[in-house]
Amino acid sequence: MTDELTPLWRADEAADATNGKLLPSDAGADWQASGVSIDTRTLNHGDLYTAIKGPNHDGHDHVADAFAKGAAAAMVEHLVEGLGREAKLLQVASTEHGLRALAAAARARTDAKICAITGSVGKTGTKELLAAALGSQGRVTATAGNLNNHYGLPLSLARMPADTDFGVFEMGMNHAGEIAPLSTLAKPHVAMITNVEAVHIEYFESIEGIAAAKAEIFTGLEPDGVAVISRDSPFFDYLSAKAKDAGAKMVWGFGVHSFSNARLLAFEPDAEGARVEATVGSQHIKYRLSMPGKHWALNSVGVLAAAQSMGADLQKTAEALKSVKPPKGRGQMLAIRVDEGLLTVIDETYNASPVAMRAAFNVLAAHKPGRGGRRIVVLGDMLELGDDSEREHSALADDIQAHDFDQVFVCGQYMSDILSALPQDMQGARAATSQQLAAKLADKVRSGDLVMVKGSAGSHMGYVIEALKALGPLETGSA
């Protein structure tokens, strides 16, 4: 979005970018848009609404609603019944191609330094870290939420004002071949891969296939671009070679590995987050994070390498990291007043994979429950693991016992089986669905308890969070 004095898109600019036709012909060229939207549910007054034809819904059915909500104009493939003659339209051959054309034009008109981020886990949080860190040093356009696919990435680019200083864009995938066109569109100066893990493995023959799909992010790398890759990954050498083949002038390896040129030296969690010490190139730096978990610290070191590669000041970048809070569902901590005390909840409901599960266990283990409280794990199924589903779920029982958590509550097809592998005193309850489990858990928790809730998005563990929040008011500072 942009301010009222400098519109994001004028009618003639959008028409030129998309090779579209402005309607009505006598008055269609006088609009200007302050944003771009493909969803009337989140449309803002002044947006250019783009009527995408998706597999399940046709955006043309919602054009009238878009205008009722204050859209400046609508990009359409054909005329829509029921609109008045005064409705401002931009007619194009394909609205999906039109959105991509807007994105390409937005990218071409800016001198912003662009960073593209992908990875099996942690890419959204890393994007948030980098965007916030750069915000103190210039105007930033970043992917909103996780708009990282073949619709979301073009939409994010199309929303980038010409005077942007830094662009930070997330790129996700479920299948091979999905990231390459996104990278080609974004043309990043810096391409970052947080890690390669067995996530979405059911769509690949092997984890090596996932690594190859992640390496597609180097496809659109600008000449003399920079790659930032986890040095701790067993695929570092492979990814580094792919980056160099794509023309990268430098590869930053970040992590705890002794060969990392952006290296995490120390990580000390505390009640407010963590203290971090690192070296980035020849510079030694100390800073604070407001998020618990070593995985956040590791990715923050990669963020420092990316920011410096984009021309940002390293010290200012590090200082700004303290202001970043965990995004919703990715480690957000909630304090709920119950029984004249506090119930603390760690919300990890956005998604789940084996590596993310173990990282969340480490976070829970590093925090102390309140007086008389217990560490409680609440788990839903990890999805898209294919033939490895049973084995990966069963393997979590060993990690849970190693941390000696007090109670474990589970739901789902695969996660329910692990309860039997745990000692009797750790077995809280099991249920077929998250809604059923939520009711059982709500009856069992008490003041002082520390509860971590995690599962894949399709497991709908958000029902558990809502049930816990219904037990009492949130303390100030919780969201």
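Everything that follows concerns the structure shown earlier in this document.
Keep in mind that what you see is a predicted model, and the values were worked out from it rather than measured.

For the chain, the count of helices and strands is 14 helices and 22 strands. By the compact-globule yardstick of 23 Å for 479 residues, the chain fits well, its C-alpha radius of gyration being 24 Å. Based on the C-alpha atoms only, the size of the chain along its principal axes is roughly 75 × 55 × 45 Å. Residue burial in the chain is summarised as follows: out of 479 residues, 54% are buried. Restricting to contacts in the chain with at least 6 residues of sequence separation, those with at least 24 account for 64%. For the chain, the accessible surface area stands at approximately 20200 Å², while carbon and sulfur atoms represent 47% of it. In the chain, the 44 positive side-chain charges and the 58 negative ones have mean positions that sit 5 Å from each other.

For helix 11 (residues 354-366), with 13 residues, the first-to-last C-alpha span of 19 Å sits near the 18 Å given by 1.5 Å per residue. Listed as buried for helix 11 are Pro354, Ala356, Met357, Ala359, Ala360, Phe361, Val363 and Leu364. Tucked into the core, helix 11 has its buried residues touching helix 9 (294-309), strand 18 (341-348), strand 19 (375-379), helix 12 (389-403) and strand 22 (450-454).

Ranked by internal contacts, the top residues of the largest apolar core, which has 39 residues, are Leu130, Leu134, Val228, Tyr287, Leu304 and Leu321. Top contributing element to this core by residue count: helix 9, with eight residues. Discounting residues that sit within four places of it in the chain, Val228 has contacts with Val190, Ala191, Met192, Ile193, Trp252, Phe254, Gly302, Ala305 and Ala306. Within the second largest apolar cluster, 33 residues are counted, among which are Met160, Ile179, Ala213 and Ile217.

This part takes up the pairing of strand 18. Within strand 18, six of the eight residues are buried, which leaves the element mostly enclosed by the surrounding structure. Linking strand 17 (residues 332-338) back to strand 18 in an antiparallel pair, the connection comprises two residues, with Asp339 at a positive phi of about 50°. Across five bridges, the pairing between strand 18 and strand 22 is parallel. Note that in strand 22 the partner of Val345 across the bridge is Val451.

Calculation criteria
- Residues numbered from 1 in each chain as written.
- Predicted model: local features only at pLDDT ≥ 70, side-chain atom pairs only at ≥ 80, totals over all residues.
- Heavy atoms only, no water.
- Helix = DSSP H or I, 4+ residues; strand = E, 2+ residues; numbered from the N terminus.
- Rg over C-alpha atoms; globule rule 2.2 N^0.38 Å.
- Buried < 20%, exposed > 50% of the residue type's maximum accessible area, 1.4 Å probe, protein only.
- Contact = heavy atoms within 4.5 Å.
- Areas by Shrake-Rupley, 256 points an atom, 1.4 Å probe, with all protein chains shown as cover.
- Lys, Arg positive; Asp, Glu negative; His and termini not counted.
- Charge placed at Lys NZ, Arg CZ, Asp CG, Glu CD.
- Expected span 1.5 Å × (residues − 1).
- Core = buried A, V, L, I, M, F, W, Y, C linked by side-chain atoms within 4.5 Å.
- Pairing = 2+ DSSP bridges.

Keep in mind that these numbers describe shape and distance, not what the molecule does.
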